[in-house]
Amino acid sequence: MSTPLPPPEGEVATPVPRVTTRGKRRARRRRRHTVAKVLVATLVVLGLVTGLSVTYLYRSLSGNLTVLDIEDSLVGERPEKVEVAGPQEPLNVLVMGSDTREGENNIDGLTGDGERSDTTLLLHFSADRERAYGVSIPRDSMVNRPQCKNEDGETTPAADYQMWNVAYQVGGPACTIQQFESLTGIRLDHFVVVDFTGFQDMVDAVGGVEVCIPETIDDRKHGMYLEAGTRKLEGIQALNYVRQRYALSGGSDVGRMKRQQAFIASMVNTVLSSGTLARPDRLLNFLQAATESLTLDEGLGDLWKIAKLGYEFRGIGLDQVQFMTIPIEVDPNDPNRLVWTEDADDVWNKLKNDEPLSRRLATDVITAGSVPGASGSEEPSAGGSDTGSQASGSGSGDGPGVPTASDEALAAAGLCT
């Protein structure tokens, strides 16, 4: 294993304004058009390949990053970090994204003010650096939004019974962070926004990502036609596949999230496979696309910090990178909306205290070590637990281990079973 690169000698950190420009890349004030579930792959890969990092590469990739300081936009008190047992602190990273999808390739009919946080994912890394959870929050969850400020310093009053993704629309990342912390009691350490176009570039950089399509998708109105079977998706096809809501999953946003979870799990597997790590061209193209796509807080604001964090988690087995959706049910007031169940509070409390999730709480988990329908998946690492090899089925007990997604859940998500 290569050791992480040191920062270039003589380089001095420069104080930055609220929106920071690094290298030749200018921080954009407009909201990002994003799909966000690539951070796990990026962190791990950056940690694994730092032996390639000469000073030029370090400066080039670091110069791609966009750094955003939101401290002045956070209103009121934030949750305290819970002290837990372990060699280090657990880390909680909120990944946000928005996808306007306007124009001729509009899939969901979003126009005008459709630039919202379609994808929100909490990444929880344990203090013992042995497991990672990715917990998705549906965009149409109904929640109470706290008061927050937007990027221009204007205050948006609190509001009850709001869709989750409206917070990003009215106040950007800071408002979504405040909403998350106020509802979960979890103190966030970092945030990341991943550029939507960059998602496509990352997929292309590794030669495509393998998915299993249970039945032919014929949505030529939006430029999408995919025959059933296991295949690699690249370019606009990959983009449309993770965006698609109505031609797959019966119009369910939860189904789309499950499909996105499987897709990013397959991407993690692809990035860490010999086919990528043994190809410097693919590896560097992936890193180039990834760093160009990231907007981060100052705590992760350069390549050295990201690589160091990724290196810390190099021992996590692929079966311990687990994606799930926060427990939800149909809103009794509106069949087109969702509400969190009582189990959601249990999930947040477990993560706040850095405790493994029980089988009852973490149902229908998709892991990077056993991607549905991915024939080329690598075996989970020897250091992982039996979590990724549990028999299919949601399970109901509170014993150790987390089950993989049930056949019913995979079918509902438009995945092969």
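From a predicted model like this one, the values you see are computed outputs, not experimental measurements. (Residues numbered from 1 in each chain as written. Predicted model: local features only at pLDDT ≥ 70, side-chain atom pairs only at ≥ 80, totals over all residues. Heavy atoms only, no water.)

Visitor: How should the packing of helix α5 (residues 235-243) against helix α6 (residues 253-271) be read in this particular structure?
Guide: When two helices pack together, you describe them by how their axes are tilted relative to each other and by the distance separating the axes. Packing of α5 against α6 brings their axes to within 8 Å, and their N-to-C directions diverge by 140 degrees. One element, α5, and the other, α6, form an angle in the oblique class. The residues of α6 that touch α5, namely those facing A238, Y241, V242 and R243, are R256, R259, Q260 and F263. The residue makeup of the contact of α5 with α6, split by class, is 4 nonpolar, 1 polar and 3 charged. (Axes fitted to C-alpha atoms, helices over the stretch in contact; angles between N-to-C directions. Helix = DSSP H or I, 4+ residues; strand = E, 2+ residues; numbered from the N terminus. Parallel < 35°, antiparallel > 145°, perpendicular 65-115°, else oblique. Contact = heavy atoms within 4.5 Å. Nonpolar A, V, L, I, M, F, W, Y, C, P; charged D, E, K, R; others polar.)

Visitor: Mind showing me how you'd approach the nonpolar core here?
Guide: If you look at soluble globular proteins, the nonpolar side chains tend to sit buried side by side. Counting 54 residues, the largest nonpolar core has Y241, F263, M267 and F286 as the members making the most contacts within it. The element that contributes the greatest number of residues to this core is α6, accounting for 7 residues. In this structure, I70, F180, V347 and L361 belong to the second largest nonpolar core, which totals 30 residues. (Core = buried A, V, L, I, M, F, W, Y, C linked by side-chain atoms within 4.5 Å. Buried < 20%, exposed > 50% of the residue type's maximum accessible area, 1.4 Å probe, protein only.)

Visitor: What's the story with the packing of aromatic side chains in this structure? I'm lost.
Guide: A ring pair, where both rings are aromatic, is described by two values, the distance of the centres and the angle of the planes. Applying the stated rule across the entire model yields 4 aromatic pairs. For the pair Y241 and F263, a centre-to-centre distance of 6.2 Å together with 45 degrees between the ring planes defines the contact as tilted. Of this pair, Y241 sits in helix α5 while F263 sits in helix α6, placing them 22 residues apart in sequence. This pair shows no difference in class: Y241 is buried, exactly as F263 is. Between the aromatic rings of W340 and W348, the centroid separation amounts to 5.7 Å while the plane-to-plane angle is 55 degrees, which identifies the pairing as tilted. For W340, a relative accessible area of 17% corresponds to the buried category. These aromatic residues form a ring-pair network of at least three members: W164, F180, W340 and W348. (Phe/Tyr/Trp six-rings, centres within 6.5 Å; stacked < 30°, edge-to-face > 60°.)

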